[in-house]
Amino acid sequence: MSVSAVATDPATCAPLPVLGRDVRVPLVTGGEVDYAALDYAASAPALQRVWDDVAAYAPYYGSVHRGAGYLSQLSTDLFENSRRTIAEFLGCRADEQVVFTRSTTDSLNLLAAVLPQDTRVFVFETEHHASLLPWEQRADVTVTYLNAPRTPAEAVATLEQALADRDPNGPALVCVTGASNVTGELWPVRELAAAAHAHGARIVLDAAQLAPHHPVDLAELDVDWIAFSGHKLYAPFGAGVLAGRADWLQDAEPYLAGGGASRKVSRRTDGGVDVEWHTTAARHEAGSPNVIGAYAIASACKALTEAGFDTLVAREQELITRVREGLAEVPEVRVLSLFGDDAPRVGVLSFVVDGWNSSHFAAALSAEYGIGVRDGLFCAHPLVRTLLGSDPQDPGECGAPEAAPGELSLNAIRVSFGAGTPDEHVDRFLRAVKELVTDGARWNYRTVDGRCVAVV
């Protein structure tokens, strides 16, 4: 199926048009305003291009693999062509596989499931829970959690020391993010990969926050696997990818047992069954696959490639600079950072405001200005606790805390943006921050079921 060329959206001054750019939302103070979606790090809005491509395919939707009908064959071709498009987008080498999953979390749980017995896993405490927690599910895998580094060089040195101290004879895996979902800071992936390989370990890159903002190339970064989610990459429909080396994937039992993963099933004389599993990516894709989700990711990959990452990165850096400089003008605002103010980052920043409960502040941004941000610990509890200088036992949770609007608590505010963000959304956000800090909220708020909401 053909796809249209990418065009700049003059109405929004954003490089790529996204769905929802013209949605109007009510304000508690009266009237309506265009919704400012500044929570890209949680789920980026779908590209208009992706939505149009999926809509064009929808009438031709059919079962994938082994179907004799025309629509089944067309859907199968679309599914496998999507796999090839994503492999090209990621710079996969000829012998590497692209496995479709539900999300980054699912991808990393899949990798955890196929680890060889007695693998040692090394992961920084700064990771998102998707890459921090899956390894503990294996009783025969040992996990070493590394302390939060304060410079990229310290990250590399910490990993090198940890790897040097391990038994060099067993398998080892390093898991690292490409860009923090809390601070947006870029991690030294190439250097960490070199350290891992120098000590006989493999490395998987959590690219959930990196892939939407920067080119991600397996060979160039020299990582063994990459995991990411479609819903971060401007593609809806709940699909993800694990791409990289095939050997551990081929040697392990299927992630799910069922049709599609099995190549041949036969009864044994003792009453049981013998199964011959696929050795391709299908081995870990049992069940009817999410064809639309795979196609949506492929469409987004094409759109980002055709738009040009140089152009996208340059504009995003302009927005980052504008946000950082605007927040720096408000003394009460503290931007959170591991590596310092000059560290390169993607369009993700977290901050706290002196005298404010972060959930109260986020609620006021939404109710009074039509701005959607995120508040809480961002499913990266150890990292946010470190950045806030809190005790590990201090109260806090992924969502909003139980504290009332006027009480301080352990959480932060995150603003995130990308290729579909118009200038006006950023300008409105900075104006709102300054007005709330200077004048206070214009409405009353209360906590309901753990969420700070406007009193109506």
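Residues numbered from 1 in each chain as written. Predicted model: local features only at pLDDT ≥ 70, side-chain atom pairs only at ≥ 80, totals over all residues. Heavy atoms only, no water.

Peer 1: Go over the overall build of the chain with me, naming the residues and quoting the values.
Peer 2: A tally of regular secondary structure across the chain gives 13 helices and 19 strands. Relative to its length of 456 residues, the chain is compact, with a C-alpha radius of gyration of 23 Å against a globular reference of 23 Å. Each of the three principal axes of the chain carries a C-alpha extent, and together these read 80 × 55 × 45 Å. Within the span of the chain, comprising 456 residues, buried residues form 55% of the whole. With the model as given, the accessible surface of the chain reaches about 19100 Å², and the carbon-plus-sulfur share is 50%. (Helix = DSSP H or I, 4+ residues; strand = E, 2+ residues; numbered from the N terminus. Rg over C-alpha atoms; globule rule 2.2 N^0.38 Å. Buried < 20%, exposed > 50% of the residue type's maximum accessible area, 1.4 Å probe, protein only. Areas by Shrake-Rupley, 256 points an atom, 1.4 Å probe, with all protein chains shown as cover.)

Peer 1: An account of a nonpolar patch on the surface is needed here, citing residue identities and associated values.
Peer 2: Nonpolar side chains collect at one region of the surface, where Tyr60, Tyr70 and Leu71 lie side by side and expose about 330 Å² of accessible area between them. With respect to the helices, strands and loops of the structure, Tyr70 is situated in helix H2 (residues 70–89). Residue classification places Tyr70 among the exposed positions, given a relative accessible area of 62%. (Patch = residues over 30% accessible without salt bridge, like charges linked within 9 Å, V, L, I, M, F, W, Y side chains within 5 Å. Salt bridge = Lys/Arg side-chain N within 4 Å of Asp/Glu carboxyl O.)

Peer 1: Any details on the packing of helix H5 (residues 152–164) against helix H6 (residues 189–198)? Residues and values, ideally.
Peer 2: Two numbers describe how H5 lies on H6: the axes approach to 9 Å, and their chain directions differ by 15°. Between H5 and H6, the crossing angle belongs to the class labelled roughly parallel. As for how H5 packs across H6, the hand of that crossing is right-handed. Here H5 contributes Ala155, Val156, Leu159, Glu160 and Leu163 to the contact with H6, which in turn contributes Glu191, Leu192, Ala195 and Ala196. Among the residues making up the contact of H5 with H6, the classes are represented as 7 nonpolar, no polar and 2 charged. (Axes fitted to C-alpha atoms, helices over the stretch in contact; angles between N-to-C directions. Parallel < 35°, antiparallel > 145°, perpendicular 65-115°, else oblique. Left-handed = near helix turned anticlockwise from the far one by under 90°. Contact = heavy atoms within 4.5 Å. Nonpolar A, V, L, I, M, F, W, Y, C, P; charged D, E, K, R; others polar.)

Peer 1: Would you mind going over the pairing of strand E17 (residues 412–416) in detail, with residue names and values included?
Peer 2: Within E17, 5 of the 5 residues are buried, which leaves the element mostly enclosed by the surrounding structure. The sheet contact formed by strand E16 (residues 374–376) and E17 spans 3 bridges and is antiparallel. Within E17, the position partnered with Asp375 by the bridge is Ile413. (Pairing = 2+ DSSP bridges.)

Peer 1: Give me the lowdown on the packing of aromatic side chains, citing residues and values where you can.
Peer 2: Tallied over the full model, the rule gives 12 aromatic pairs. With centroids separated by 5.9 Å and ring planes inclined at 15°, the aromatic side chains of Trp51 and Phe237 adopt a geometry described as stacked. A residue pair is termed long-range when its members are at least 10 positions apart, and Trp51 in helix H1 (residues 48–57) and Phe237 in the loop between strand E9 (225–229) and strand E10 (240–244) qualify at 186 residues. Judged by its relative accessible area of 35%, Phe237 is partly exposed. Measuring from ring centre to ring centre gives 6.1 Å for Phe351 and Phe429, while their planes differ by 65°; the resulting arrangement is edge-to-face. (Phe/Tyr/Trp six-rings, centres within 6.5 Å; stacked < 30°, edge-to-face > 60°.)

Peer 1: Can you tell me about the sheet that holds strand E14 (residues 348–353), naming the residues and giving the values?
Peer 2: Overall, antiparallel pairing links the 4 strands, which are arranged E13-E14-E17-E16 in an open sheet. The two strands at the open ends of the sheet, each matched to only one other strand, are strand E13 (333–335) and E16. Averaged over all neighbouring strand pairs, the angle between strand axes comes to 30°, with direction disregarded.

Peer 1: Tell me about the pattern of salt bridges, and name the residues and values.
Peer 2: For the structure shown, the criterion picks out 25 salt bridges. Linking Glu96 and Arg93 is a salt bridge whose minimum nitrogen-to-oxygen distance equals 2.7 Å. The residue Lys434 makes a salt bridge to Glu329 at a minimum N-O spacing of 2.6 Å. One end of the pair, Lys434, is in helix H13 (residues 423–439); the other, Glu329, is in the loop between helix H10 (309–328) and E13, with 105 residues separating them in the sequence. The partly exposed category is assigned to Lys434, whose relative accessible area is 32%. Of the residues examined, Glu329 reaches a relative accessible area of 55% and is grouped as exposed. A single network of salt bridges, built from pairs that share partners, joins Arg202, Asp224, Arg245 and Asp247.

Peer 1: Which residues make up H13, and what are the values?
Peer 2: Between its first and last C-alpha atoms H13 spans 24 Å; for 17 residues at 1.5 Å apiece the expected length is 24 Å, and the two agree. Among the residues of H13, those classed as buried are His425, Val426, Arg428, Phe429, Leu430, Ala432, Val433, Leu436 and Val437. Just past H13, the residue Gly440 takes up positive phi, approximately 80°. (Expected span 1.5 Å × (residues − 1).)

Peer 1: Would you mind going over the side chain of Arg345 in detail, with residue names and values included?
Peer 2: Secondary-structure assignment places Arg345 in the loop between E13 and E14. Although Arg345 is buried, it forms no salt bridge, and the closest oppositely charged side chain is Glu185 at an N-O distance of 4.2 Å. In this structure the side chain of Arg345 is engaged in a polar contact, spanning 3.1 Å, whose partner is the backbone oxygen of Thr183. Excluding residues that lie within four positions of it along the chain, Arg345 makes contacts with Thr183, Gly184, Glu185, Leu186, Gln317, Ile320, Arg324, Val335, Leu336, Ser337 and Gly340. (Lys, Arg positive; Asp, Glu negative; His and termini not counted. Polar contact = N/O pair within 3.5 Å; in protein donor to acceptor, adjacent residues only side chain to side chain.)

Peer 1: Please provide a residue-by-residue account of the sheet that holds strand E7 (residues 172–177), values included.
Peer 2: If you trace the 7 strands from one edge of the open sheet to the other, you get E4-E10-E9-E8-E7-E5-E6, paired in mixed fashion. Taken across any chain shown, the strands that pair with only one partner, and hence form the sheet edges, are strand E4 (97–101) and strand E6 (142–146). Pairwise comparison of adjacent strand axes, ignoring direction, gives a mean angle of 20° for this sheet. When E7 meets strand E8 (residues 202–206), the two strands line up parallel, connected through 5 bridges. If you follow Cys175 over to E8, its bridge partner there is Val204. Seen against the sheet, H2 touches E4, E9 and E10 and runs at an angle of roughly 120° to E4.

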